[in-house]
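Structural characterization, general
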Amino acid sequence: MKSLPVLALLIWICSLFYMGILLFVGGFLLVRLEVNRTSTCADVLPPGADVKGDFCLKEPRFRRAVVLIIDALKADFTRYDPGNTSPRAFENKLPILDEMASSRPSQARLYTFRADPPTTTMQRIKGFTTGSLPTFIDVGNNFASSAVLEDNLVHQLGQAGKRVVFMGDDTWVSLFPRKFHRSLPFPSFNVKDLHTVDNGILQNIFPTMEGDDWDVLIAHFLGVDHCGHRFGPDHPAMAEKLTQMDEVIRSVIKRLQNDTLLVVMGDHGMTDTGDHGGESQKETDAALFLYSGSPLFPSPGSQVEPEVVPQTDLVPTLALLLGVPIPYSSVGQVLLPLFPLNSSLGASMSLSQAEALWINVKQVNRFLETYSNMAKDIPADGLSQLQSHFTQLSSQYLSSVSEGAPPSAELTASMQAYLNSVRETCRASWARFNPLKMAAGLLVLGFACVACFILTELSLMVLQGNVLKAPLLYGLLAGGAVAACQLFMLGFVEVSWCFGAGALMSEVAFLWRTRRAFTRGSSSSRLSVWRLLNPPLLVLFLRCASLLSDSYVISEGRVVTFLLFTLGLYIPLRLNWDGLLVPSPPSDTQKPPGLLPPALPLSTVRRESTALLVSVAVLVGCLYLSLSFHSCREEQGSCQPSAFLTPLSRVQDSRMRNLHYILSIASLSAWVFLLHRWLRHCGNLNCTSVAVFTARCLLPLASICMGLHWAVSATPGDSFRNLAEMISLAQVVLPRIAFGLLGLGLLLLWLDPLTVFLKMRAPLNSRGTSIPPPKYRASTGVSPQAELHHLIPQLYQRIRQSLEDGGSEGDEADGRPAVEAYGLGTVYSAPLVLLCGLLGLGLLLLHAEGMALAFLLMLLQAAAVLHLHSSSSTLSSLQSHSSVFSVPWAPVVLWSLAASQFFHATGHLPTFPSIQWGAAFVGFPQGHSGTVLPASLVTLNTFASHIMFAVSCPLLLFWPLVREVRGTRTGRSGEDGDDVVMEMRLRENPQQFSSALLQLAARYLFITGAQVLASVCAAAILRRHLMVWKVFAPKLMFEASGFIVSSVFLLVGVTLVMRVDVAVARLFQKLLPENSR
């Protein structure tokens, strides 16, 4: 088997897709340009002021401020309804806010505080400290926070000499390093920890307030957010947390002085399942509560109150109330009710509304001019209109000031309109694209799909012709040339362009080397685009075209299930149409002669037809049951997520919790039992290798640890208070032991993947002095050098001879053959099945306990597809003129659709709020010191189905051989005609083995790559669509990430097959006598 050429071609084709994705994403998801300039006190001076820095020297409206950030404080949590006699867990638990707002209207206000998506904590902190708008790609940095470089409120307070004290979420420390007078950070990533951060704040906040060593106190509580992630909003634990926050706010209000402003706010909301990150109203609408011991607001009804306050508006408001300049890059608007209608800057109390607005307008205009000169991405006509509007405002305001008259209400409204226009213009402009990079990425991906399709159809020719050297050489030269040109002309190298140029040139060189296949050769071997027009590929193209529809993306889980069902029914219908499913009697003349394979017995046809129909029935049943595990998108309205997605610790009904646990344990046991049963049935558990030890011992032990871990995790925290420490220890130890056992099993499987047991009844050379030569057919073209590398047929001939000569000389008295082999027919598939079993348990451990049944359905559905493919191959083997080992498109498309279907059937969605962050804490409830491990665990959880189906893809090649029926692999009568050698047939045809494996992997990559190309096209074409950031961009990110994960694990599966091939060759080289080589 040509291992290295096959692996090199697959790595090359995967790299082409990676580079295309990198190029397109680089042009589609650009980060907004940051303006690293800082506002100064002179920037705030009103017209005619002579003293620089006068504003900062004046006594501010408030000398101190206390900012309480209650993470995920949803607006609904703060509403109080005294008529609600049976409130839900999150209702009526913060009465202090309504009490203050209603009883002291001049001192308190409660607003809906609307965030800009993405609604993740780091982006929100950036938003309400800089006043700028986030970009889509920033969501990826949520757990890898880097320092804020733009001007921000924390920096301005420090520049003004104010002592900022922080306590709570440690994200602040990484965003604002060395910016605090004193900080008390607590680890924030462990969403299962509801109390550590909050209790740490409570131990320090009140002593700090009672002291004098602070001017601004920021406390970021995390308990409400973590409670939402762990239990959801409608849970008794949420009621406890909100009640605790109510008591905290009451205690803070009692300690406030009249010159101190209290700000209570949420950074974002949460969905009904406790998640956030998207742009639904439940996620964006938080709460904002403002309070002061002295009068703060005008009397109710004296002016229009805003219904919703954008989070960016908090920055200029707090800056002017605390007497510091507005951060340079802020696009927020001051909250007018906090400023009196008429005042004077010379007064020590406050700015008037018109003065505050004018300072705000000047600051925003200054930022707009600077940014437009640096980035050049704001449309010229829009920029011109905004500049003209500012000129008009400036003239009117300066005229009003020179006349000594207060600005008119119309001027105030015009200034507000200007600020709103700037914000909307920036919001639209920062969704900017690089069309050249996007086009280059599309081109590279398109050519990668073409090259991959050619590889699927010409795999044997490509392997024989060694066509990869020239494309690699040309690609390296092109990439190096682009890098040299960039370095010479620009002074720096942009790596994405170098990769893109190299990939494109490599693709062109490959297409040029294989061009002869389009015009030469027989009609059967000539490559033609008409090969794309077969029903399985038409289903693929239909799915790809549907990715342009937001309705399809929203309902993709059910649509993919329907496509799987349709394609699964197509296979038996096609066989029946060809007369292969139910054979006609010999006297039937309606069918053309020779339509049925003459050597296939009628009983075999009936048996395979029955197996095929049973497989279809199992497939349909699994598809139907899998719909019970789907989650729901926000756009799906009344959809209810599956109850199995809820961790057992969040199930309040004890009977339902016990039922779910029993069902999960039964599913886990069935998973292990079925794998063990198949391996035993195929004779792969008879030897004493480490792979058999893994299957017999490590797999059951890991499943036992998982079951115990689920039991411990499902235990309510208040049920066994005396055993709390032991339960906490078990939550760490049990999953780590399971991970360790599974990891050890994977290592042992790689070191020794063979599960073959050879039993010698007599010495190998007892049957004669000469060894029969290997019976290679002339058509295979195996050279003498290849014979030396493929010695297994020699031993297999000996085993076969001993089976045929059961009663001849050299046999034992009991008549059994001289050599008995166990597991030889499944020597390739058994390690793959064991690998899938180990990986499946590890991935299941990262999911909620209820997903055990979904994983069992995944196993049964995969088996059904394999049997469907096997029976179909058997029934159509004599009619087909394709390669003996070629896997048709239909099962490969089915396999890929199953991966997508079970992505949804394990509770995942192509949306950021649906990411199951809890996977990062399985075995690590105390959190992590870095981000690599948790990110890896979340990735494994999210793409579990992609991993399982990709790594097991080679089984599509092996399964028809595993279930080989006598006489179905050759139509020739004679010596080899009736042999059932199963997977040994691959060893006897090493070149076809390599070609078939390469073709299968390339077909799977083509299918998944075509879906990536379709997602890229959808994002490019619909980049100005209303739903682009809500539907198409997340779908692109998940599709591209899924392809990368799938391709990596496909290479893992192919590499394991090659490892087994090498191990088999070494085994039989040791067993064969030296003179046979």
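Residues numbered from 1 in each chain as written. Predicted model: local features only at pLDDT ≥ 70, side-chain atom pairs only at ≥ 80, totals over all residues. Heavy atoms only, no water.

1. Some thoughts on the overall build of the chain
For clarity, the cut-off: Each helix is a run of DSSP H or I of at least 4 residues and each strand a run of E of at least 2, with the numbering of both proceeding from the N terminus. Residue exposure (1.4 Å probe, protein chains only): buried if accessible area is under 20% of the type maximum, exposed if over 50%, otherwise partly exposed. Residue contacts follow a heavy-atom distance rule, with two residues in contact if any of their heavy atoms lie within 4.5 Å.
Tallying secondary structure elements over the chain gives 37 helices and 10 strands in all. Looking at the chain as a whole, 56% of its 1077 residues are labelled buried. Partitioning the intrachain contacts of the chain with sequence separation of at least 6 by distance along the chain shows that 80% fall at a separation of at least 24.

2. Some remarks on the pattern of salt bridges
Stated precisely, the cut-off is as follows: Here, a salt bridge means any side-chain nitrogen of Lys or Arg that lies within 4 Å of a carboxyl oxygen of Asp or Glu.
This model, assessed by the stated rule, comprises 20 salt bridges. Its salt-bridge partner being D215, residue R163 comes within 3.1 Å of it at the nearest N-O pair. Here the residue R163 occupies a position in the loop between α6 (153-159) and β3 (164-169), and D215 occupies one in the loop between α8 (196-210) and β5 (216-221), the gap between them amounting to 52 residues. Among the residues examined, D215 registers a relative accessible area of 9% and is labelled buried. As a salt-bridge pair, K241 and D198 come within 2.9 Å of each other at their nearest N and O atoms. With K241 in helix α10 (residues 236-255) and D198 in helix α8, this residue pair connects regions lying 43 residues apart in the sequence. Judged by its relative accessible area of 1%, D198 falls in the buried class.

3. Description of the environment of I125
Tracing the backbone through its elements, the reader meets I125 in helix α5 (residues 121-130). Taking the relative accessible area as the measure of exposure, I125 reaches 0% and is therefore buried. The spatial distance from the C-alpha of I125 to the C-alpha of I69 is 9.9 Å, given a sequence separation of 56 residues. Ignoring anything within four residues of it in the chain, the contact list for I125 reads T171, W172, L175, F176 and H220.

4. Focus on the packing of aromatic side chains
Rules: Stacked, tilted and edge-to-face are the three classes assigned to paired rings of Phe, Tyr and Trp, where Trp is represented by its six-membered ring and a pair needs centres within 6.5 Å; plane angles under 30 degrees give stacked, over 60 edge-to-face, the rest tilted. A ring is considered to have a charge above it if a Lys NZ or an Arg CZ atom is located within 6 Å of its centre and within 35 degrees of its normal.
One pass over the full model with this rule turns up 30 aromatic pairs. An angle of 5 degrees between the planes, with centres 6.4 Å apart, marks the rings of F289 and Y291 as stacked. Each member of the pair F289 and Y291 is classed as buried. Seen from their ring centres, Y828 and F993 are 5.2 Å apart, and the 70 degrees between their planes marks the pair as edge-to-face. Of the two residues, Y828 sits in the loop between β10 (819-822) and α29 (829-845) while F993 sits in helix α36 (residues 990-1021), which places them 165 residues apart along the sequence. What makes Y828 buried here is its relative accessible area of 1%. Residue classification places F993 among the buried residues on the basis of a relative accessible area of 1%. By the ring-pair criterion, three or more aromatic residues cluster together here, those being F128, F166, W172, F176 and F180. In this structure, R255 packs its charged tip against the face of F206, placed 4.3 Å from the ring centre.

5. Remarks on helix α15 (residues 409-429)
For clarity, the threshold we go by: What a helix is expected to span follows from its residue count: subtract one and scale by 1.5 Å.
Compared with an ideal rise of 1.5 Å per residue, which puts 21 residues at 30 Å, α15 spans 30 Å between its outermost C-alpha atoms and is within 8% of the ideal. Those residues of α15 that sit buried are L411, T412, S414, M415, Y418, L419, V422, R423, T425, C426 and S429. Of the surrounding secondary structure, the elements contacted by the buried residues of α15 are β8 (308-310), α13 (353-375) and α14 (380-403).

6. Describing the packing of helix α18 (residues 469-489) against helix α19 (residues 495-513)
The following threshold applies: Inter-axis angles, ranging from 0 to 180 degrees, are taken between N-to-C directions of lines fitted to C-alpha atoms, where helices are fitted over the stretch in contact. Each angle is binned into one of four classes, with values under 35 degrees roughly parallel, values over 145 roughly antiparallel, values of 65 to 115 roughly perpendicular, and all other values oblique. Handedness of a crossing follows from how the near helix is turned relative to the far one, being left-handed for an anticlockwise turn of less than a right angle and right-handed for a clockwise one. Residue polarity follows a fixed list, in which Ala, Val, Leu, Ile, Met, Phe, Trp, Tyr, Cys and Pro are nonpolar, Asp, Glu, Lys and Arg are charged, and the others, Gly among them, are polar.
Look at α18 against α19: their axes get within 7 Å of each other, and the N-to-C directions meet at 150 degrees. Considering their axes alone, α18 and α19 lie roughly antiparallel with respect to each other. Classified by chirality, the crossing of α19 by α18 is right-handed. Residues A470, P471, L472, Y474, G475, A478, G479, V482, A483 and Q486 of α18 form the contact with α19, whose participating residues are W497, C498, A501, G502, M505, S506, A509, F510 and R513. Among the residues making up the contact of α18 with α19, the classes are represented as 13 nonpolar, 5 polar and 1 charged.

7. Concerning the side chain of S896
Here S896 lies in helix α31 (residues 889-905). A relative accessible area of 2% places S896 in the buried class. Excluding residues that lie within four positions of it along the chain, S896 makes contacts with Y1004, I1007, T1008 and Q1011.

8. Quick notes on the state of the cysteines
To be explicit about the condition: Defined by distance alone, a disulfide is two cysteine sulfur atoms within 2.5 Å.
If you walk through the whole model with that rule in mind, you get 1 disulfide. Between the sulfur atoms of C632 and its disulfide partner C639 the distance amounts to 1.9 Å. On the sign convention where negative means left-handed, the S-S torsion of about -60 degrees between C632 and C639 marks this disulfide as left-handed.

9. Things to note about the pairing of β3
As a reminder, the rule being used: Two strands form a pair only when DSSP identifies at least two bridges running between them.
Most of β3 is tucked away: 6 of the 6 residues are buried. With 5 bridges connecting them, β3 and β5 associate as parallel partners. Bridge pairing in β5 links G168 to H220. Both β3 and strand β4 (residues 182-186) contribute to a ladder of 5 bridges, which runs parallel.

10. A few points about the confidence of the model for the chain
Threshold: The pLDDT value tells you how sure the predictor is about a given residue, anywhere from 0 up to 100.
Per-residue confidence for the chain gives a mean pLDDT of 82, with 83% of residues at or over 70. Taking the mean pLDDT of every element in the chain, the minimum, 34, falls on helix α27 (residues 784-789) and the maximum, 96, on helix α33 (residues 944-951). Overall, residues 48-54 carries pLDDT values under 50, and its contacts beyond four positions in sequence, including any with other chains, amount to 6 contacts. Confidence drops under a pLDDT of 50 for residues 138-145, and excluding neighbours within four residues, the segment shows 19 contacts in the predicted structure.

11. Observations concerning the packing of helix α20 (residues 535-546) against α31
Taken N-terminus to C-terminus, the directions of α20 and α31 make an angle of 35 degrees; their axes are 8 Å apart at the nearest point. Contacts between α20 and α31 pair P536, L537, V539 and R543 from the former with W889, A890, V893, L897 and S900 from the latter. By residue class, the composition of the contact of α20 with α31 is 7 nonpolar, 1 polar and 1 charged.

12. Describing the sheet that holds strand β6 (residues 260-265)
Overall, mixed pairing links the 8 strands, which are arranged β4-β3-β5-β1-β6-β7-β2-β8 in an open sheet. Whereas interior strands pair on both sides, the edge strands pair on one side only; in this sheet they are β4 and β8. Strand-to-strand twist across the sheet, computed as the mean angle between neighbouring axes with direction ignored, equals 20 degrees. Pairing of strand β2 (residues 108-114) with β8, which is carried by 3 bridges, proceeds in the parallel orientation. Considered in β8, the bridge of R114 is made with P310. Set on the sheet, α8 makes contact with β1 (64-70), β3, β4 and β5; between it and β5 the angle comes to about 160 degrees.

13. Focus: unusual backbone geometry
Peptide bonds are mostly trans, and most non-glycine residues show a negative phi. Here A72, not a glycine, exhibits a phi torsion of approximately 65 degrees, which is positive. Position of A72 relative to the elements: it lies in the loop between β1 and α3 (75-78). Notably, N92 is not glycine yet its phi reads approximately 60 degrees, a positive angle. In this fold, N92 is placed in the loop between α3 and α4 (95-103). What makes N92 buried here is its relative accessible area of 15%.

14. Some thoughts on helix α24 (residues 654-681)
Helix length check: α24 (28 residues) gives 40 Å between terminal C-alpha atoms against 40 Å at 1.5 Å per residue, within 8%. Looking at α24, one finds that the buried residues are R657, H660, S664, S667, L668, W671, V672, L675, W678 and L679. Those residues of α24 that are buried are in contact with α25 (690-713), α29, α30 (851-875), α33 and α34 (955-962). Positive phi appears at G683, one or two residues downstream of α24, with a value of about 80 degrees.

15. Quick notes on the pairing of strand β7 (residues 285-292)
Counting buried positions over the 8 residues of β7 gives 8, a clear majority of the element. Burial along β7 is two-sided: D285, A287, F289 and Y291 facing one way and A286, L288, L290 and S292 facing the other are all buried. For β2 and β7, the ladder comprises 7 bridges, and the chain directions are antiparallel. Residue R114 lies in a different strand from β7, and its bridge partner there is D285. Across 5 bridges, β6 lies against β7 in antiparallel orientation. Bridge assignment links V264 to a residue of β7, and that residue is F289.

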